[in-house]
Amino acid sequence: MAYANKQQLLDEINKTAKLFIDEFTVLSESQKDTLVEGVDRTPAQMIAYQLGWLNLVKSWDDDELAGQTPELPAPGYKWNQLGNLYRQFYKTYQYLSLQALIQAFNQQITIWNDWIQSLNEDTLFIKDSRNWTKPYPESWTVARFIHINSVAPFKSFRAKIRKWKKLNVSV
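Notes on the structure follow.

Thresholds applied
- Numbers given for residues are sequential positions, taken from 1 along each chain in its written order.
- Whole-chain, interface and lining totals are the exception, using all residues; otherwise, since this is a predicted model, local features are given only for residues with pLDDT of at least 70 and side-chain atom pairs are given and counted only at 80 or more.
- With hydrogens and water excluded, all non-hydrogen atoms of the structure serve as input to the side-chain values.
- In these notes, a set of buried Ala, Val, Leu, Ile, Met, Phe, Trp, Tyr and Cys residues joined through side-chain atoms within 4.5 Å is what counts as a nonpolar core.
- Only protein chains enter the accessibility calculation, which uses a 1.4 Å probe; a residue is then buried when its area is under 20% of its type maximum, exposed when over 50%, and partly exposed in between.
- Helix and strand labels come from DSSP, where a helix needs a run of H or I of at least four residues and a strand needs a run of E of at least two; each type is numbered from the N terminus.
- The contact criterion used is simple: two residues touch if any of their non-hydrogen atoms lie within 4.5 Å.
- To get an axis, fit a line to the C-alpha atoms, keeping to the stretch in contact for a helix; angles then go from 0 to 180 degrees between the N-to-C directions.
- Here is the rule for angles: anything less than 35 degrees is roughly parallel, anything more than 145 is roughly antiparallel, 65 through 115 is roughly perpendicular, and the remaining ranges are oblique.
- Put simply, a crossing is left-handed when the front helix is turned counterclockwise from the back one by less than a right angle, and right-handed when it is turned clockwise.
- Amino acids are sorted into nonpolar (Ala, Val, Leu, Ile, Met, Phe, Trp, Tyr, Cys and Pro), charged (Asp, Glu, Lys and Arg) and polar (every other residue, Gly among them).
- One speaks of a salt bridge when a side-chain nitrogen belonging to Lys or Arg is within 4 Å of a carboxyl oxygen belonging to Asp or Glu.
- Aromatic pairs are defined between Phe, Tyr and Trp rings, using the six-membered ring for Trp, whenever the two ring centres lie within 6.5 Å; interplanar angles under 30 degrees are classed as stacked, those over 60 as edge-to-face, and all others as tilted.
- Consider the ring centre and the ring normal. A charge sits over the ring if Lys NZ or Arg CZ is within 6 Å of that centre and within 35 degrees of that normal.

A look at the nonpolar core
Right, so step 1: If you look at the biggest cluster of nonpolar residues, it comprises 51 residues, and the most contacted ones within it are F24, I47, W53, F105, I116 and I146.
Right, so step 2: Counting residues per element, the ones that place at least two in this core are α1 (6–22), α2 (43–65), α3 (82–93), α4 (98–118), α6 (142–148) and α7 (151–167).
Right, so step 3: Element by element, the count of residues in this core is highest for α2, at 11 residues.
Right, so step 4: Leave out the neighbours within four places in its chain, and I47 touches F20, I21, F24, L98, L101, I102 and F105.

In structure tokens form, the structure reads like this:
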């Protein structure tokens, strides 16, 4: 994860987001909650995970800019309780159709594009430009948090949904 500038970061987010979400276009609504042996999440859970983190990371910055102290990773959760946080993501989005999940994901990517465009290069790439990054190691800039909660999981979850489709005989 070494981005030369904001545009390179945005390009990678958009490329990997599209590759990830396009994997879901061939699935039917009846498949969204199907758990396949060998894959630890359903298609709906994979998208809900992404939506949860995209919303959280942006909320940290929104909270700080509003004069509040963001609670990381989320209010009521500690870093050693991520499993419970993921279950909350799944619960939050469980009633959305597959098409609504895809639409919500695409909308959130648009929100992230606007957010990242609004940040200057120093805010993105200089450590401690935001207070919510300060307790973390030297290399954890805003850009690194953005990468770890977008590009990295988009890639790993794309592999996961591709495996799900390969193992699911009804696709």
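Continuing now.
Describing the packing of α2 against α4
Right, so step 1: The contact between α2 and α4 brings their axes to 10 Å, and the two run at 25 degrees. It follows from the interaxial angle that α2 and α4 lie roughly parallel. The two elements α2 and α4 cross, and the hand of that crossing is left-handed. Packed against α2, whose contacting residues are A44, I47, Q50, L51, L54, N55, V57, K58 and D61, the element α4 presents L98, L101, I102, A104, F105, Q108, I109, I111, W112 and W115 at the interface.
Right, so step 2: A breakdown of the residues in the contact of α2 with α4 according to their chemical character gives 14 nonpolar, three polar and two charged.

Let's talk about the pattern of salt bridges
Right, so step 1: A full pass over the atoms with the stated rule returns 12 salt bridges.
Right, so step 2: Of the charged contacts, one joins E12 and K15 as a salt bridge, the two residues approaching to 3.5 Å between their closest N and O atoms. Pair noted here: E12 and K15 are both in helix α1, with a separation of three residues, about one helical turn.
Right, so step 3: Here D62 makes a salt bridge to K58, at a shortest N to O gap of 2.8 Å. Placement of the pair is D62 and K58 together in helix α2, with a separation of four residues, close to one helical turn.
Right, so step 4: According to the relative accessible area criterion, K58 is buried, its value standing at 16%.
Right, so step 5: By sharing partners, the salt bridges in this structure join E23, R158, R162 and K165 into a single network.

With respect to the packing of aromatic side chains
Right, so step 1: Under the defined criterion, the tally for this structure stands at 20 aromatic pairs.
Right, so step 2: Each ring, one from W60 and one from W132, has its centre 5.4 Å from the other, and the planes form 55 degrees; the classification is tilted. Here W60 is found in helix α2, whereas its partner W132 is found in the loop between α5 (121–125) and α6, with 72 residues between them in sequence. Accessibility classification places W60 together with W132 in one group, the buried group.
Right, so step 3: Geometrically, the ring pair formed by W60 and F145 is edge-to-face, given 5.7 Å between the ring centres and 85 degrees between the ring planes. Here F145 lies in helix α6 and W60 lies in helix α2, a separation of 85 residues in the sequence. F145 shares its class with W60; the two are buried.
Right, so step 4: Stacked on the ring of F157, the Lys or Arg K160 has its end atom at 5.3 Å from the ring centre.

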